[in-house]
Every structure is written in structure tokens, then in C-alpha cells.
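Spelled out from the first residue to the last, the chains are:
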Amino acid sequence: MQNYYQKEIETMPVEQIEALQSEKLVKQVKHVYENVPYYRDLMDKKGVTPDDIKGIEDLHKLPFLSKADLRDAYPYGLLAKPLSECVRIHSTSGTTGKRVVAFYTQNDVDMWEDCCARAIVAAGGTNEDVCQVAYGYGLFTGGAGLHGGSHKVGCLTLPMSSGNTDRQIQFMNDLGATIICCTPSYAAYIGETLEEQGFTPDQIPLKAGIFGAEPWTEEMRRGIEKTLGIKAYDIYGLTETSGPGVAFECCEQTGMHINEDHFLAEIIDPDTGEVLPLGSKGELVFTALDKEAFPLLRYRTRDICVLSREKCSCGRTLIKMAKPMGRSDDMMIIRGVNVFPSQIETVLLNEGYQPNYQIIVDRKGNTDTFDVNVEMNADQFSDTVSGVTAKEKALANAMKIMLGINPTVHLVAPKSIVRSEGKAVRVIDKRKLHD
Ligand code: ADP
Ligand code: ZN
């Protein structure tokens, strides 16, 4: 049986959701125009007033906001409520540059936690569950968001934060954790450690995992599900829109339902800004319909994905987004070819390797060098030198077929690539150091 946290919204007919979005958008644009001079200026420059926005069909008239605007306006420039009405600050992980800070009123926190609660219930969570939150706590939104959601569902919440893997495993087993929430790379690491300690999947009490905050492939999902003996669900969000829970996966595991009563999604062409029809691949843009303190309108996420309204077997009518396979700024241009780390991960997992790798890009003279360090599996460690060289060649060849350019692959010793307890660092682009 399918459970919902807020059934009426999660299964609302599309026309009704759209009417709700229109009503909220009109109010939100007024709120922002009146309270955020930075955005009012952008609207004035574009010649748009709140009166021009009568519903979601007018959304395209509004100016975009980008990460550069957030940095410009740091720290208070986009605040729409007095600080006396704000109760919380979070900050981005700073994966791609200077950190951005976001503010929350109590209503904002409640709305965000409801979104995370929807995700936990969609993953099968109830008040009978013990939910181990192994995302980092602190400025990062992962810990706080899932923690709040877990409380709302009534799970027994284990606020572990990330790190200290032996203690994670001990508490998971002693206290019978049934749901774990962390980054997929940390889930893979915990799985690997459990395996090393001799645990088989049926000895691990977990039944589900809610993993997000970084891109991960279907192959990686299957690997985690196998080692931990669970169903692994994706969850998506960003600090600018609250945190995790903007979108979450249901039992169908074919993309994430966007909480579109709170977050209105568009896909645009990242080069021209043109809005693309449903089903097109492009940059995801969000308008926060209910956020009070930090209500971004048409925020460009730089995440590349596809939206779809296909009927879902879970009964939810909320629009779905495909797994974002990297942001536009994760993409490397190597010898003129676009390369995403996720493509390399797919090849590795298809070829029977673990997703433990690091990409090193540099420039020698006018040519880009492209090296991929990949951990050998334990059974390959005893291979002869010529055996290893042949495997490196085979892997480089498989990558060439996927990417169109040839990397140099180095098989390195098992466990020699540093493990991540939060977001994994997959790329070292030394060219940026020379610029
Ligand atoms: P930072 O931008 O510094 O990493 P955040 O912690 O706010 O700060 O990260 C948000 C970003 O993380 C998103 O824009 C997206 O690129 C990535 N992300 C979050 N969840 C997922 C997911 N489930 N799949 C792929 N990428 C994700
Ligand atoms: Zn569904």
C-alpha cells in the first residue's frame, strides 16, 4: 500500500496544482517586489511590474536570478523579511565557489521539513522506523532537513551527522536503524566498511536509504542496494531553495517528484534562457512559491535535467525530474569535448569496478591531459604488471567509446583513493590553477 505524508497535495489533479501555483505566484511576486530592492531593480530593468504577473503563464516575463546575483547580494541583499522574523541560517557547501547563505523564518523551516517528510514517507518511512541521519549537521542543509522531516514523520531519529563510520555501524546495528539518510558516496563507503567487517546484507537492519546532495548513477544505486540490502531513493535540493526535499523519489524509482506546490519548475536553454517544452533537456530553474525570508524567483540551478508529467504508479501527480547528471559547471571541456564525471562512473560500474575514482585534468603545452585513477578490485591486486596494463587499456577504450576522447587510465591499489563522508570530490582540474 502506498502511503503519503500530505495526500491531498501529493495526488492533486494537475489543473488544481496549477491553479494553486498561479495564486501563490501572484502573491509571491508582490512580496518580493515590495521587500527585495535587488530583485525590484531587476524587474524594473526588464520593465515588468507585479501587475503583469497574473498566473504561471506569465512566469517567463520575470527576470532570472543566478548564483552570481546571490554572491553580489551577499549576505542580506535578497532577504525579504526582517532578521527579527528569521530563525535560521544555512549555507551552501561551496562545491563550486564562494558560499551562499540562506535565511529561514519558522514557516520556511516547517515547509522544508514537510517536504523532507514527504520523501521519508515515500521511501516507506513511518513512526515505526528508526531513521539514521548521516548527512552533515551544521551549516550544510542535509542534516537539518532530514532530521526535521524524520521528526515530522514520527520516526525515532538518530542524529549521527556524517563521519565516524565505525560508530555509524555500531549504532545502526545496536539500535536497529531501518532508514539511513546520507550522500550516496558516503552510503557506498558505509556499505564497503560493513562488508569488510563481515556483515552480509541480510544482517543489516536497514530497509531503505534516502541519498542525495550530489549526482549518482543508476549503476551506483544498484551497487548500494546490493551491499546494504535496501531500496535506495534519490532526493534533491539546494540550499538556495531550502535544502534537500525539493524533489524526492517514490517506489517507482524513475525520477523524483518535485514538491511543486512549493517549488515551480521550468527547464530553460542554458545559453539563450529560452523556456523549453516539457521533456526537453536543459537547465532547471525554480521559483519558490511559499518561502518568506529568502524567496528566490526564477533561480537558475545550473543543474541539467528533464521534466516529465507521465503518470506514476505511486499515485502522485507531482511533476517529475530526471536524475540531474551533473551541473553545467561540473562539465569539463577536455580537448574540446564535453565530459561529465557521471559518464566515467557509468563506464566503471558497467566494467565491474567500484565507483572509487578521481579525474585529473591538466594542460601540457597546448594539449589537455586527461588521467583517470581507478581503484582495482581486491582480486586484481595480485595481477601481473602486463595483466594490469591490459585492464587499463580495456578501461580506457570503454571510456573512449562513451566520451569520444581517450583518457589515460591508472589502476591504483584498493582503498588508495580517499573516501568521502559528504560530497565526493571527483575532479581535480589543474588547468584552473594555471589560469
Ligand atoms: P553546493 O552548490 O555548494 O554544492 P548545496 O549543498 O546547496 O551547495 O548543493 C546543491 C547542489 O547539489 C544542487 O544544485 C545539485 O547540483 C546537487 N544535488 C543535490 N541533490 C542532488 C541529487 N539527488 N542528484 C544530483 N545532484 C544533486
Ligand atoms: Zn511516483
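What counts, and where the lines are drawn
- Residues numbered from 1 in each chain as written.
- Chains lettered and ligands numbered in written order.
- Predicted model: local features only at pLDDT ≥ 70, side-chain atom pairs only at ≥ 80, totals over all residues.
- Heavy atoms only, no water.
- Helix = DSSP H or I, 4+ residues; strand = E, 2+ residues; numbered from the N terminus.
- Buried < 20%, exposed > 50% of the residue type's maximum accessible area, 1.4 Å probe, protein only.
- Contact = heavy atoms within 4.5 Å.
- Lys, Arg positive; Asp, Glu negative; His and termini not counted.
- Charge placed at Lys NZ, Arg CZ, Asp CG, Glu CD.
- Core = buried A, V, L, I, M, F, W, Y, C linked by side-chain atoms within 4.5 Å.
- Donors = N, O, S within 2.8 Å, 3.2 Å for Na, K, Ca; no water.
- Tetrahedral: all angles 85-135°; square planar, octahedral: opposite > 155°, others 65-115°.
- Phe/Tyr/Trp six-rings, centres within 6.5 Å; stacked < 30°, edge-to-face > 60°.
- Lys NZ or Arg CZ within 6 Å of the ring centre and 35° of its normal.
- Pairing = 2+ DSSP bridges.
- Axes fitted to C-alpha atoms, helices over the stretch in contact; angles between N-to-C directions.
- Domains from an automatic or database assignment.
- Buried area = accessible area lost by both parts, 1.4 Å probe.
- Salt bridge = Lys/Arg side-chain N within 4 Å of Asp/Glu carboxyl O.

Caption draft 1: Local environment of the overall build of the chain. The helix and strand inventory of the chain stands at 12 helices and 19 strands. Taken along its principal axes, the extent of the C-alpha atoms in the chain is 75 × 60 × 40 Å. Relative to its full complement of 435 residues, the chain shows a buried share of 54%. When contacts within the chain are restricted to residue pairs at least 6 apart in sequence, long-range pairs at least 24 apart make up 66% of them. Considering the chain, the positive charge centre built from 47 side chains and the negative charge centre built from 60 side chains are found 3 Å apart.

Caption draft 2: Summary view of the nonpolar core. Counting 76 residues, the largest nonpolar core has Tyr39, Tyr236, Ile258, Leu284 and Met321 as the members making the most contacts within it. In terms of residue count, helix H5 (residues 106–122) provides more of this core than any other element does, 10 residues in total.

Caption draft 3: Layout of the coordination of the zinc ion (ligand 2). Surrounding the zinc ion (ligand 2) are the protein donor atoms Cys250 (SG), His257 (NE2), Cys312 (SG) and Cys314 (SG), which sit 2.1 to 2.2 Å from the metal. Each of the 4 donor atoms bound to the zinc ion (ligand 2) contributes to angles spanning 104 to 113°, and the resulting shape is tetrahedral. Sequence spacing of the donor residues for the zinc ion (ligand 2), all on one chain, is C-x6-H-x54-C-x1-C. Residue Cys250 shares its accessibility class with His257, and that shared class is buried.

Caption draft 4: Examining the packing of aromatic side chains more closely. In total, this model carries 8 aromatic pairs according to the counting rule given. Between Phe211 and Trp216, the ring centres sit 5.8 Å apart and the planes meet at 80°, which makes this aromatic pair edge-to-face. By relative accessible area, Phe211 is classed as buried at 0%. Between the aromatic rings of Phe263 and Phe286, the centroid separation amounts to 6.4 Å while the plane-to-plane angle is 75°, which identifies the pairing as edge-to-face. Of this pair, Phe263 sits in strand E10 (residues 263–268) while Phe286 sits in strand E11 (residues 281–288), placing them 23 residues apart in sequence. In textbook terms, an aromatic cluster arises when at least three aromatic residues are bridged by ring pairs, as seen for Tyr76, Phe103 and Phe294. One Lys or Arg, Arg40, reaches over the ring of Tyr33 and ends 6.0 Å from the middle of that ring. Here Arg221 stacks its cationic end above the ring of Trp216, 5.7 Å away from the centre of that ring.

Caption draft 5: Structural context of the environment of Glu10. Within the secondary structure layout, Glu10 lies in helix H1 (residues 7–10). In the structure, Glu10 is positioned 255 residues away from Ala265 in sequence and 16 Å away in space, judged by C-alpha atoms. Apart from residues lying up to four places away in sequence, Glu10 is in contact with Tyr4, Tyr5, Arg118, Phe248, Gly315, Arg316, Thr317 and Leu318.

Caption draft 6: Representation of the sheet that holds strand E17 (residues 367–375) within the structure. With mixed pairing, the 4 strands of this open sheet are ordered in space as E18-E17-E16-E19. The open sheet terminates on both sides in strands that have one partner only, identified here as strand E18 (408–412) and strand E19 (427–429). With strand direction ignored, the average angle separating the axes of adjacent strands in the sheet is 20°. Contacts between helix H10 (residues 341–350) and the sheet are confined to strand E16 (357–364), E17 and E19, with E16 contributing the most and set at about 130° to the helix.

Caption draft 7: Local environment of the domain arrangement of the chain. Partitioning the chain into structural domains gives domain 1 (7–328) and domain 2 (333–429). Contacts between the two partners involve 22 residues from domain 1, matched on the other side by 16 residues from domain 2. Between domain 1 and domain 2, roughly 1,500 Å² of surface is buried when both sides are summed, and carbon and sulfur atoms account for 54% of that area. One can count 3 salt bridges joining domain 1 with domain 2.

Caption draft 8: Highlighting the pairing of strand E2 (residues 101–105). For E2, the tally of buried residues reaches 5 of 5 residues, placing the bulk of the element in the interior. Going residue by residue along E2, you find Val101, Phe103 and Thr105 tucked away on one face and Ala102 and Tyr104 tucked away on the opposite face as well. Bridge analysis of strand E1 (residues 86–91) against E2 gives 5 bridges, and the strand direction is antiparallel. The residue of E2 that forms the bridge with His90 is Ala102.

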